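Structure assessment
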Amino acid sequence: MRNPWEEINLNAYEAHMRLNSVFQIQTLNEMMKEQFYSYPVHSVMILGIAGGNGLEHIDTQIIHTVYGVDINKSYLDTCIKRYPDLQGTFCPIHTDLTQNTIKLPYADLVVANLIVEYIGYDCFQKVIKHTSPKYVSAIIQINTDTSFVSSSPYLHAFDRLNEVHHQMEEASLVDAMKKIGYRKIAETDKDLPNGKKFARIDFTY
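A few points on the structure. Keep in mind that what you see is a predicted model, and the values were worked out from it rather than measured. (Residues numbered from 1 in each chain as written. Predicted model: local features only at pLDDT ≥ 70, side-chain atom pairs only at ≥ 80, totals over all residues. Heavy atoms only, no water.)

Before going further, it helps to examine the packing of aromatic side chains. For the coordinates displayed, the defined rule picks out 5 aromatic pairs. Pairing Phe 36 with Tyr 37 gives two aromatic rings, centres 6.3 Å apart and planes at 85°, and the pair type is edge-to-face. Residue Phe 36 is classed as buried on the basis of its relative accessible area of 1%. Residue Tyr 37 is classed as partly exposed on the basis of its relative accessible area of 32%. Their ring planes at 10° and their centres at 4.5 Å tell us that Tyr 39 and Tyr 135 sit as a pair that is stacked. Within this pair, whereas Tyr 39 is found in the loop between helix H2 (24-36) and strand E1 (43-47), its partner Tyr 135 is found in strand E5 (residues 135-143), the two being separated by 96 residues in sequence. For the pair Tyr 39 and Tyr 135, one class covers both residues: buried. (Phe/Tyr/Trp six-rings, centres within 6.5 Å; stacked < 30°, edge-to-face > 60°. Buried < 20%, exposed > 50% of the residue type's maximum accessible area, 1.4 Å probe, protein only. Helix = DSSP H or I, 4+ residues; strand = E, 2+ residues; numbered from the N terminus.)

Before going further, it helps to examine the packing of helix H4 (residues 116-131) against helix H5 (residues 170-179). The N-to-C vectors of H4 and H5 enclose an angle of 20°; their axes lie 9 Å apart at closest approach. When the axes of H4 and H5 are compared, the pair comes out roughly parallel. Read as a crossing pair, H4 and H5 show a hand that is right-handed. Counted together, Val 116, Tyr 121, Phe 124, Gln 125 and Ile 128 of H4 and Ser 172, Leu 173, Ala 176, Met 177 and Lys 179 of H5 form the full contact between these two elements. (Axes fitted to C-alpha atoms, helices over the stretch in contact; angles between N-to-C directions. Parallel < 35°, antiparallel > 145°, perpendicular 65-115°, else oblique. Left-handed = near helix turned anticlockwise from the far one by under 90°. Contact = heavy atoms within 4.5 Å.)

Counting 30 residues, the largest nonpolar core has Leu 47, Phe 124, Leu 173 and Met 177 as its most contacted members. Of all elements in the fold, only E1, strand E2 (65-70), strand E4 (109-113), H4, E5, H5 and strand E7 (196-204) reach the threshold of two or more residues within this core. With 6 residues, the top contributor of residues to this core is H4. Excluding residues that lie within four positions of it along the chain, Met 177 makes contacts with Phe 124, Ile 128, Val 136, Tyr 182 and Phe 203. Of all hydrophobic cores here, the second largest spans 19 residues; its members include Val 41, Ile 49, Ile 58 and Cys 79. (Core = buried A, V, L, I, M, F, W, Y, C linked by side-chain atoms within 4.5 Å.)

The following block contains the structure:
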């Protein structure tokens, strides 16, 4: 059976994330600008890049290579169309991170925003060990209510996500990363509507 993310319409996903009652695209965009420039890096890998939110913050004089990884090829095609100024810098990688056959290049920084939830800690450990970045910056969603998807007119687009969703906890992610040699170096939280928050946790080895 196909992964649910291969079937979710990007327009519906982004419209849902942009709602004032959700406000996640806007919050992620702000947080990603900080992620890109918190550390002295020249190559970045973004796991689960979707439509490329945040790519407008890439300064090609500083960051020379951006790998965009996603299971949905149409998302990657959209990134290429939306950010023509990143031609020669942006490198799309169409792959399923849950498969054992993944091949990923090295990057100084791996940005993993709202992706660990859908691949799980064990798979995330495997991906990070495979890529061996100097830094990892992950944003996870912490739910203080019962649903991990906020109510919206686009809710039906996410009907199958419960098949691949894993509940996230900051301590569990820190522990998982510690097991593969990465230590936490920073953590910041951003409150969201509907009783949720984003927790950004950065690691290095």
